[in-house]
Structure formats: structure tokens, C-alpha cells
Amino acid sequence: MRFLFEKPIFGYTVGVFLVVLVTGILLSVLIGDYLVLAAVLVIQFIVLLLFIIHLYESVLKPIKKATKTVDEIVKGNYRARFHHPSTDSIGQLSTKINALARNLNELTIQEQMQAEQLSTIIENTQSGLVLIDAKGYIHFVNRKFLVMFGQTTNDFQGQLYYDVLHNEVIHETVQKTFLYERNIKEEFTHYKGLDKYYIEIVGAPIFDERNLLKGAVLVLYDITELKKLELMRKDFVANVSHELKTPITSIKGFAETLLDNPMKDLEKNKEFLEIIYNESHRIQLLIQDLLILSRLEKENHQLVLSTFSMRELVDEVIPVIHQKFADKGLTFDKSIQQSLQLTADKEKVKQIIINLIDNAINYTPEHGHIYLRIMNQGSNALIEVEDTGIGIENEALPRIFERFYRVDKARSRNTGGTGLGLAIVKHIVEVHDGTIDIESEINKGTKIVVSLPMNKDGKIQ
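Residues numbered from 1 in each chain as written. Predicted model: local features only at pLDDT ≥ 70, side-chain atom pairs only at ≥ 80, totals over all residues. Heavy atoms only, no water.

A. Quick look at the environment of Leu100. Considering the arrangement of structural elements, one finds Leu100 in helix α3 (residues 89-124). A residue is classified by how much of its surface remains accessible, and Leu100, at 45% relative accessible area, is partly exposed. As a C-alpha pair, Leu100 and Tyr78 span 22 residues in sequence and 8.7 Å in three-dimensional space. (Helix = DSSP H or I, 4+ residues; strand = E, 2+ residues; numbered from the N terminus. Buried < 20%, exposed > 50% of the residue type's maximum accessible area, 1.4 Å probe, protein only.)

B. Looking closely at the pairing of strand β1 (residues 127-133). Among the seven residues of β1, six are classified as buried, and the element is accordingly described as predominantly covered. Across seven bridges, β1 lies against strand β5 (residues 213-222) in antiparallel orientation. By the bridge assignment for β5, Leu129 is matched with Val219. For β1 and strand β2 (residues 138-141), the ladder comprises three bridges, and the chain directions are antiparallel. By the bridge assignment for β2, Ile132 is matched with Ile138. In sequence, β1 turns back onto β2 through a hairpin of four residues, with Gly136 there showing a positive phi of about 95°. (Pairing = 2+ DSSP bridges.)

C. Seen up close, the sheet that holds strand β3 (residues 184-192). What the five strands build is an open sheet, ordered β2-β1-β5-β4-β3; its pairing is antiparallel. Looking at which strands have only one partner, the edges of the open sheet turn out to be β2 and β3. Between one strand axis and the next, the sheet turns by 25° as a mean value, whatever way the strands run. Its contacts with the sheet put helix α6 (residues 168-180) on β1, β3, β4 (195-207) and β5, and the angle it makes with β3 is roughly 160°. (Axes fitted to C-alpha atoms, helices over the stretch in contact; angles between N-to-C directions. Contact = heavy atoms within 4.5 Å.)

D. Spatial organisation of the packing of helix α9 (residues 310-328) against helix α10 (residues 346-362). Relative to each other, α9 and α10 sit at 25°, their axes nearing to 10 Å. Between α9 and α10, the interaxial angle falls into the category roughly parallel. Classified by chirality, the crossing of α10 by α9 is right-handed. Seen from α9, the contacting residues are Met310, Leu313, Val314, Glu316, Val317, Ile321, Lys324, Phe325 and Lys328; seen from α10, they are Lys346, Val349, Lys350, Ile353, Ile354, Ile357, Asp358, Ile361 and Asn362. Across the contact of α9 with α10, the residue classes break down as 11 nonpolar, one polar and six charged. (Parallel < 35°, antiparallel > 145°, perpendicular 65-115°, else oblique. Left-handed = near helix turned anticlockwise from the far one by under 90°. Nonpolar A, V, L, I, M, F, W, Y, C, P; charged D, E, K, R; others polar.)

E. Structural view of helix α2 (residues 34-74). Taking 1.5 Å per residue as the helical rise, α2 with its 41 residues ought to reach 60 Å, and the 56 Å between its terminal C-alpha atoms agrees with that figure. The principal kink in α2, of about 45°, is found at Tyr56. Turning to α2, its buried residues number three or more, namely Leu37, Leu41, Leu49, Ile53, Tyr56, Pro62, Ala66, Thr69 and Ile73. Two residues or fewer after α2 comes Gly76, characterised by a positive phi angle close to 105°. (Expected span 1.5 Å × (residues − 1). Bend = angle between axes of the 7 residues up to and from the residue.)

F. How the structure looks around a nonpolar patch on the surface. Together, Val14, Phe17, Leu18, Leu21 and Ile25 make up a nonpolar patch on the protein surface, roughly 460 Å² of accessible area in all. By secondary structure assignment, the location of Ile25 is in helix α1 (residues 9-27). Residue Ile25 is classed as exposed on the basis of its relative accessible area, which comes to 54%. (Patch = residues over 30% accessible without salt bridge, like charges linked within 9 Å, V, L, I, M, F, W, Y side chains within 5 Å. Areas by Shrake-Rupley, 256 points an atom, 1.4 Å probe, with all protein chains shown as cover. Salt bridge = Lys/Arg side-chain N within 4 Å of Asp/Glu carboxyl O.)

G. Looking closely at the nonpolar core. The biggest cluster of nonpolar side chains holds 45 residues, and the ones touching the most others in it are Met310, Leu342, Val349, Ile353, Ile374 and Ile383. Non-local contacts of Leu342, meaning those with residues more than four positions away in its chain, are made with Ser306, Thr307, Phe308, Met310, Val349, Ala381, Leu452, Pro453 and Met454. (Core = buried A, V, L, I, M, F, W, Y, C linked by side-chain atoms within 4.5 Å.)

H. Just the packing of α10 against helix α12 (residues 421-431), in detail. Contact geometry for α10 and α12: axes closest at 9 Å, N-to-C directions at 150°. If you check the angle between α10 and α12, you find them roughly antiparallel. The hand of the α10/α12 crossing is left-handed. Between α10 and α12, the residues in contact are Lys348, Gln351, Ile352, Asn355, Leu356 and Asn359 and Gly421, Leu422, Ile424, Val425, Ile428 and Val429, respectively. Here the contact of α10 with α12 is composed, by residue class, of seven nonpolar, four polar and one charged.

I. Highlighting α9. In a regular helix each residue adds 1.5 Å, so 19 residues correspond to 27 Å; α9 covers 26 Å between its end C-alpha atoms and thus fits that length. Of all the bends found along α9, the most pronounced is centred on Ile321 and spans about 45°. For α9, the secondary structure elements touched by its buried residues are β6 (305-309), β7 (331-336), β8 (341-345), α10, β9 (369-377) and β10 (380-387). In the stretch just after α9, Gly329 is the one whose phi turns positive, near 65°.

J. Highlighting the environment of Asp333. Within the element layout of this structure, Asp333 appears in strand β7. Here Asp333 falls in the partly exposed class, since its relative accessible area comes to 37%. Each C-alpha atom, one on Asp333 and one on Arg373, is 8.5 Å from the other, the two residues being 40 residues apart in sequence. For Asp333, the contacting residues outside a window of four places in its chain are Ile370, Tyr371 and Leu372.

K. Representation of the pattern of salt bridges in the model. Considering all chains together, one arrives at 10 salt bridges under this definition. The partner of Lys227 in a salt bridge is Glu187, and the shortest N-O contact between them spans 3.4 Å. Of the two residues, Lys227 sits in helix α7 (residues 224-260) while Glu187 sits in strand β3, which places them 40 residues apart along the sequence. For Glu187, a relative accessible area of 42% corresponds to the partly exposed category. One salt bridge connects Arg373 with Glu386, and the closest N-O pair in it is separated by 2.9 Å. With Arg373 in strand β9 and Glu386 in strand β10, this residue pair connects regions lying 13 residues apart in the sequence. Owing to a relative accessible area of 25%, Glu386 belongs among the partly exposed residues under this scheme. Sharing partners across several salt bridges, the network here consists of Glu316, Lys346, Glu347 and Lys350.

Shown next as C-alpha cells:
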């Protein structure tokens, strides 16, 4: 009987009691036997109370539970469930509420996954992103933007763009984007410490469903590498043109002289013809080196791998360059580790040794010394070429492997150098997954060390 005094049953009990009391008062006028009246009223009270309890347990209480479950769902607790054992209307309501909660939970999980994926993409994209609303306030900046310009997210978010973005090109891009309501593309240079970066900025307007402008997004691309490649291309064209200009001018000049004065002075004619031959040979060497570089830089360049003895390879190289040593009176010493074998592209490795020794000969004065050392170090083969030449300044060392770069331009041209030898060596080393280092001291000499894997991965042909 205790449950009759619990809310809300107690309220219903009091209500039933009042109804029975009013009924008893009315029936007391018609029924004189109070014992019978009392029995009738007790029966009425019990019947009504049982009906109320049944109604509460079967309808009101489940509805109350359903209401609480819906409240939890409204608050975002999609794991809340409402269970009712019967199959009546309340049971169907229970099934519908639980199905709704499951669907909302799945939708929430999907939205969270999509939001996380989108956030991951935006944060890790290699372009800086800035979101600006219609009033000019910054709502979002991604990680790449912070890397470009430093500071933290709090330094930008919630701030007016012209207060925190101190660049006139960015200001103009934003203003033009809002004014013309179309994509605007600009470029500017940005300094971070002593480093100079080239940035391309694209402003794109954002419209709402009524096609009204609601903001803009700025996309910033770091095009520094593209600018460097463009500059390298321009320098390459200029260098090739310059390298070809001198021999072609010589060939043309001496050919015109021969045409104007044919066969009058045989010694002079022979001298002019030798000059024409030498200059044409120089052009041929330049074109050959350019073709070698072009083949090495192709993405689908394939190495012809084989296993060979380094001592036998050097024995094949020495006769090719022996005369150059004799012409300058240079001393050449070699030290090759016994039984050292290498799996690599034999012709390319031979070209490395020839180019390095040839470069040492060009920059070593008469009666100097050149050393070739080949040994293994762990899983790598080391090729060292050291000379007692003019040396290289520290400032020039980072550029020594650039195309057409010369430490002493006049000397290397006089010796027939094309300026591409070390660039070719670097590319050959890179396609073999090797490394190349250089040490040099002015007027004391230079040492270049090439490290190649002793067993290059790939199919031996």
C-alpha cells in the first residue's frame, strides 16, 4: 500500500477519494441503509483506484518515460533509449523513438567523421587558407598559413583582416574580391627572416543560398620552387646561348676569312681550319653533355645494372685521360681496394670517374698531383678524387654542381670544359640513390667524395 502515497499515485488516490465522497453524499439522500452505502462506496473506490493505477502504469508512466527520452535526444544524447514490452500504441511509440535515436546517432557519427576528415584535409593542405566574413573579420586560418606567416591562431581569428595581415597585396585582393564578386589572383614576395618566398594569392567570394555575398576565402600558394625553376630555365637558356655564341662566332668569322682569301696562305688556312674544327668539336661536346643531362632527368630513365670490378673499370678509364696528365705534367696516383665489386650502371659509374678526374685536371696547375681512391664503407662504395688545384671559395661550394657554373671561367673554357661535367656527375649519383660531398681550400686543392650503394636495387640486365 506504500506506493499509494508516492507521487503521482497519491494525487490520483486523493482525487478518487473525493469523487467517492461526493458520490456518497449524493447517494445518502436516496439510500437510507448506510452499511450498504458504505459497501458501495468502498467498491467504487477500489474499482476507480485500480482503473487509475492501470491507466497510470500502462499509459501515463510510459508516456512520461518517452518524454524524458525525447528530452535526452533533444539535448544531444542519442544513446538514450525507451523500452516498452507491449505491442500497442505505446510499444510502437517506443520503437519509433529508439529508431529515431539510432538514426540521429549514426548521422552524428558520420558528420563527425566528415568534419574530422575535412578538418584534416584543410589543416594539412599545402596551401594557406583564410576565411573572412562580409564584415572583414577572420574566422579561420589553417596550419600552412601559420607556417607561412608565423604567430598563432588566436592572433588572427576574430580580428579584422587589415589589422593583422600586414601586406598591401592581400588587402587589395580582399577588397577586389568583395568589390567585383569574382576570383582575384595576385602575387607578392614574403620575407621570413632572411629567406625570400614567392606567394600566389587567390581570393574567392562566398555566396549564400540567396546569392548574396557572405564572405571570401583566401588561398595562398607557395610558388617559390616554381619561381626558382623558372629562373633556372631562363638562366639555362641564357647560358646555352652564351656557350654557343662564342664558338659559332669564331667558326663564322674564320669561315668568312677563308672564303674571302682562299688558298693564298696555306699555313694560315690550316690554322683557321684547326680553329674551326676545335670550336665545332666544343659545340659537339656541349650538345653531347646536354643530351646526357636530358636523358638522366627523364622520370622513366632506366639504369643498365651489372656487377663489375672497380679495379677493371679504372683500368679502362686511365687510357682515356692519360694524355691529359702528360700534357700538363701532372702526377696521378690511384688506390683501389682489392676485389671491390659494385652493382650499378657501369657506363654511368665510368662517366663519374672520368668527369671528376677531368675536372681535377682542368683546375690543377702544371706539375700538380691528382689522387683517385676507391674503397668500401659499410654497404657503400666511396669514390674520392683529390687534387692540388686552385681550390674553391666556400661561397661557391653550394653552386658548384649547377649547370655551366665555373670557378674559373676563362681557364675551363681554354681547356675545353662545357661547364656541365659536375652537373652530370650529380645526376648520375642521384639516380643511383647515392650522395656527393665536396671539400675545398683556396690554393690548396679540392676533394670530391661520391658514395654509391654497392648493390643498387633493380633488375640486372
